[in-house]
Amino acid sequence: MGILEVKNVGKRFGGLQALGNVNLSVAENTVHAIIGPNGAGKSTLLNVLVGKLIPDTGSVMFDGQSVLGRKPHEINQMGISRVFQTPEIFGDLSVLENVMIPCFARRDGSFRMHAFETVSQERDIIDEAEHILNDVNMLDKRDMHAASLSRGDKRRLEMAMCLVQKPRLLLLDEPTAGMARADTNNTIDLLKHIRDTRDITMAIIEHDMHVVFSLAERITVLAQGTPLVEDTPENIKGHPKVKEAYLGEQAQE
Amino acid sequence: MLGLNKRDTRFLIIVILLTAFTPFLMQPFPEGSAMAQFNGGYPDLMQRVAIFGIFAIGFNILFGLTGYLSFGHAAFLGVGSYSAVWMMKLLSMNIIPGIILAMIMSGLFALLIGWISLRRSGIYFSILTLAFAQMSYNLAYSVLTPLTNGETGLQIRPNDPRILDGENASPYTNLFGLDMSASYKWEVFGHQFTFNTGFYVCAVIAVIAFYISLRIFRSPFGMMLRAVKSNQQRMSYTGLNPRPYTLAAFVISGMYAGLAGGLLASMDPLAGAERMQWTVGGEVVIMTILGGAGTLLGPVLGAGAIKYLENIFSKINDTVLHGWFSALPDGMEDFLVMIIHPFVGKGWHLTLGLLFMLVVTFLPGGLVEGGKRIMGLFKRKPKGEGDDPEHHPQSTPHVAE
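Residues numbered from 1 in each chain as written. Chains lettered and ligands numbered in written order. Predicted model: local features only at pLDDT ≥ 70, side-chain atom pairs only at ≥ 80, totals over all residues.

### Structural notes on the overall build of chain A
Operational definition: Every helix listed is a DSSP run of H or I at least four residues long, and every strand listed is a run of E at least two residues long, numbered separately from the N terminus. The atom set for the radius of gyration is the C-alpha atoms, and the globule formula is 2.2 Å times the number of residues raised to the power 0.38. We call a residue exposed when 12 or fewer other C-beta atoms sit within 10 Å of its C-beta, buried when the count reaches 20 or more, and partly exposed for counts in between; the C-beta positions come from the backbone. A pair of residues counts as a contact when their C-beta atoms, built from backbone coordinates, are within 7 Å of each other.
Broken down by element type, chain A carries 10 helices and 10 strands. Its C-alpha atoms give chain A a radius of gyration of 19 Å, near enough to 18 Å, the size a compact globule of 253 residues would have. Taken along the three principal axes of its C-alpha coordinates, chain A extends 65 × 40 × 30 Å. By the burial criterion, 44% of the 253 residues in chain A qualify as buried. Expressed as a percentage of contacts within chain A between residues at least 6 apart in sequence, the contacts between residues at least 24 apart total 67%.

As structure tokens, then:
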């Protein structure tokens, strides 16, 4: 029984069956990659997991509780954090404030009217935020405007914002999309560091095979809305069905 | 002091001093001099500056922090005024019950309107608030006539019950016997300074209102409101529900507006539907942006500047203009008067429009940014003074997506 159990999930947009009949089990403390060609339904699946889309059929259980029908902030409070394809951060706020907000969210829940406390006196929260910034090597940028960071730093900041919540499941949506090689390698190193130092389950949706094969312990291949195979990276590499899905008819010629 | 750090305490003290010395600051020219008509230190104007300052401070908590642009805050101003006048009719000419009810009623009203309007964001939110303001205006103007006295407006009558007031109670608005319209005039070196009770009551409340807004800006709650403006998507996926935060900000700013409305009625005990018209709500938007949205002092400066200029420009008529240019040849004089005429007197809104366009184009951070630029010219390298994001004018004031 995995920490995340997706059973018979289907989703249709008009005439398009985006997800056919998806079954997926993500085991605790593993890095699970979901790959597949364009239009395979990866993003739809991710949006179902975070509560942005409600599937037509099936169930999604996280740690024994259903995720379906809950709002994104409720799902996050259950212990699922998400990293976006383009880093979603609070651009108008400082780097430190960006990391403090998830700390407050974890301590105070989804809403608290703390209008008469003072941010600068929340010593515990500031310490925690500085600690995680140190972990991702960004402590020297703590007072910078988040919008002025480089793309790679924004990614690291977003990662720090997710990690500081100590999530049980971290969902990553193409974390290296559009990155230069050097930034991609930095991100891989950071993710490896996270994988090796924390008790955390990660589900990665990724295009870049280099990223997938350097991180994942399990891989699910999705094609046309249904999972084709699920196996270890070694077995996936040479799998004929995967080649077919990726290369289509060319492979058969 | 008062839960503030050193810098903020100094900031608050400066604001208190500025408020306390308003009668001097707004009366810079000696009586009888040619410049005397630019003096603004009379009670009615000073009261309005303080009251609209409160209105704008509250509006800034919503617009400056969360980016939600409401055009409907005049409705809360109106609700505050009607509530206050009713208290004066029923209970007492003491302004306290009126102000309290004004804040409660406007808070409840804001809860209702905010709960509905905040289902949408951006331009749709603005349009919803605009629609509500117009509905409130029409309700006050005709439908709810028994409550609002329609076109005439709600007024105090000698035969009102006023059950808390005794036989000899003052027939004027007062604070435990202190008459709001009482003034002490001090003449010195040809200057005349007016110290008005009503103004100082408004000023004390304005300073408290400013202090509360300062605390909100520095609080985790204020940080969450800035997060709403910055990225609502990230906020949701960080486990925070943006809705109650925006609703709380909406209700707080609505109560500030109600307080301002209650004070308007306390200074001059009447309430009319025109106070609820959306143009009044538009005025507070202009004040906030002109002064600097998202900054602490900006809204107060904007309110002061607009109310002062409104009074000065409205007073200038053709006779005054002819007086100014009388030294010029006749044709020249008439020509200049003709050019300036549309911008003064009743046409003062034309000047305001031009001023607003200039500020938004060249000083997107408002008067506060202007002040900073001037300071920057005098101060070389203001390094080390830990830059404070709240004091920074936000780039262009924009609406939450």
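Now that the structure has been shown, we can carry on.
### Notes on the overall build of chain B
Assigned secondary structure in chain B consists of 17 helices and six strands. In terms of C-alpha radius of gyration, chain B reaches 22 Å, essentially the compact-globule figure of 21 Å for 401 residues. Burial status across chain B gives 47% buried among its 401 residues.

### Some points on the domain arrangement of chain A
All names here are of chain A. Using the following cut-off: Per the annotation, domain bounds derive from an automatic or database assignment of domains. Gly is put with the polar residues, along with every residue not named as nonpolar or charged; the nonpolar set is Ala, Val, Leu, Ile, Met, Phe, Trp, Tyr, Cys and Pro, and the charged set is Asp, Glu, Lys and Arg.
In terms of domains, chain A is made up of domain 1 (1-79 + 167-253) and domain 2 (93-165). The C-alpha centroid of domain 2 is placed 27 Å from the C-alpha centroid of domain 1. Between domain 1 and domain 2, the contact holds 11 residues from the first and 11 residues from the second. In terms of residue class, the side of domain 1 that touches domain 2 is made up of six nonpolar, four polar and one charged.

### Points about the interface of chain A and chain B
Reports often express the size of an interface as the amount of accessible area lost when the parts come together. Between chain A and chain B, the contact holds 31 residues from the first and 26 residues from the second. Elements with a minimum of two residues in the side of chain A that touches chain B: helix 2 (72-78) and helix 3 (95-108) of chain A. For the side of chain A that touches chain B, the element with the highest residue contribution is helix 3 of chain A, accounting for five residues. Class assignment for the residues of the side of chain A that touches chain B results in 15 nonpolar, 10 polar and six charged.

### A closer look at the nonpolar core
Our working definition: Note on definitions: a nonpolar core is a set of buried residues drawn from Ala, Val, Leu, Ile, Met, Phe, Trp, Tyr and Cys, linked by C-beta atoms within 7 Å.
Counting residues in hydrophobic clusters, the biggest one holds 175 residues, and the most contacted among them are Val99, Ala160 and Leu171 of chain A together with Ile54, Phe55, Tyr256 and Ala260 of chain B. In this structure, this core is formed jointly by two domains, domain 1 (1-79 + 167-253) and domain 2 (93-165) of chain A, each of which donates at least three residues. When residues no more than four places from it in sequence are discounted, the contact partners of Phe55 of chain B are Leu77, Tyr256, Ala257, Ala260, Val284 and Ala303 of chain B.

### Thoughts on unusual backbone geometry
If a residue is not glycine, its phi is most likely negative; likewise, a peptide bond is most likely trans. Despite not being glycine, Lys166 of chain A shows a phi value in the positive range, around 50°. Here Lys166 of chain A is to be found in the loop between helix 5 (151-163) and strand 7 (169-173). Assessed through the 14 C-beta atoms surrounding it within 10 Å, Lys166 of chain A is described here as partly exposed. Despite not being glycine, Asn149 of chain B has its phi angle at roughly 60°, a positive value. Counting through the fold element by element, Asn149 of chain B comes out in the loop between helix 7 (145-148) and strand 1 (154-155). According to the C-beta neighbour criterion, Asn149 of chain B is partly exposed, with 18 such atoms within 10 Å.

### A look at helix 3 of chain A
Residues that lie three or four places apart on an α-helix share one face, since the helix turns once every 3.6 residues. Note the following rule: Multiply 1.5 Å by the residue count of a helix minus one, and that product is the helix's expected span.
Over its 14 residues, helix 3 of chain A extends 20 Å from the first C-alpha to the last, a length consistent with the 20 Å expected when each residue adds 1.5 Å. Packing partners of the buried residues in helix 3 of chain A comprise helix 4 (123-135) and helix 5 of chain A together with helix 9 (220-230) of chain B. Positive backbone phi, approximately 80°, marks Gly109 of chain A, located one or two places after helix 3 of chain A.

### Section: the environment of Ala206 of chain B
Residues and elements named next belong to chain B. Secondary-structure assignment places Ala206 in helix 8 (residues 197-218). Separated by 25 residues in the primary sequence, Ala206 and Asn231 have C-alpha atoms spaced 32 Å apart. Other than its neighbours up to four places away in sequence, Ala206 contacts Thr19, Ala50, Gly53 and Ile54.

### Let's talk about the packing of helix 3 (residues 43-66) of chain B against helix 11 (residues 242-267) of chain B
All names here are of chain B. Which entries qualify depends on this criterion: Fitting a line to C-alpha atoms yields each axis, with helices limited to the stretch in contact; the angle taken between N-to-C directions then spans 0 to 180 degrees. Angle categories are assigned with fixed cut-offs, so that under 35 degrees is roughly parallel, over 145 is roughly antiparallel, 65 to 115 is roughly perpendicular, and the rest are oblique.
Running from amino to carboxyl end, helix 3 crosses helix 11 at an angle of 170°, the nearest separation of the two axes being 8 Å. By the angle between their axes, helix 3 is roughly antiparallel relative to helix 11. For the pair formed by helix 3 and helix 11, the contact residues are Gln47, Ile51, Phe52, Ile54, Phe55, Ile57, Gly58, Phe59, Ile61, Leu62, Leu65 and Thr66 on the first element and Thr246, Ala249, Phe250, Ile252, Ser253, Tyr256, Ala257, Leu259, Ala260, Leu263, Leu264 and Met267 on the second. Partitioned by chemical class, the residues of the contact of helix 3 with helix 11 number 19 nonpolar, five polar and no charged.

### Points about the sheet that holds strand 1 (residues 4-13) of chain A
Residues and elements named next belong to chain A. Rules: Pairing between strands is defined by DSSP: at least two bridges between the two strands are required.
One open sheet holds the four strands; their spatial order is 2-1-4-5, and the pairing between them is antiparallel. Each having just a single partner strand, strand 2 (16-26) and strand 5 (65-66) make up the two edges of the open sheet. Across two bridges, the pairing between strand 4 (residues 57-62) and strand 5 is antiparallel. Opposite Phe62, over in strand 5, you have Gln65 as the bridge partner.

### Here we look at the environment of Leu164 of chain B
Residues and elements named next belong to chain B. In this structure, Leu164 sits in the loop between strand 1 and strand 2 (174-175). By C-beta crowding, Leu164 is classed as partly exposed, having 13 other C-beta atoms within 10 Å. Note: C-alpha distance between Leu164 and Met88 (76 residues apart in sequence) is 9.8 Å. Setting aside residues up to four positions removed in sequence, Leu164 forms contacts with Leu91 and Ser92.

### Topic: the confidence of the model for chain B
Here is the rule: Confidence per residue, as judged by the predictor, is encoded in pLDDT with a range of 0 to 100.
Put simply, chain B has an average pLDDT of 86, and 94% of its residues get 70 or more. As a predicted assembly, this complex carries a pTM of 0.89 together with an ipTM value of 0.88.

### With respect to the environment of Tyr308 of chain B
Residue and element names in this part refer to chain B. Mapped onto the elements of the fold, Tyr308 is located in helix 13 (residues 298-315). The exposure class assigned to Tyr308 is partly exposed, which follows from the 17 C-beta atoms found within 10 Å. Taking the C-alpha atoms as reference points, Tyr308 and Asp44, separated by 264 residues in sequence, lie 11 Å from one another. Sequence-distant contacts of Tyr308, that is, excluding residues within four places in its chain, are made with Met26, Gly40, Leu45 and Val49.

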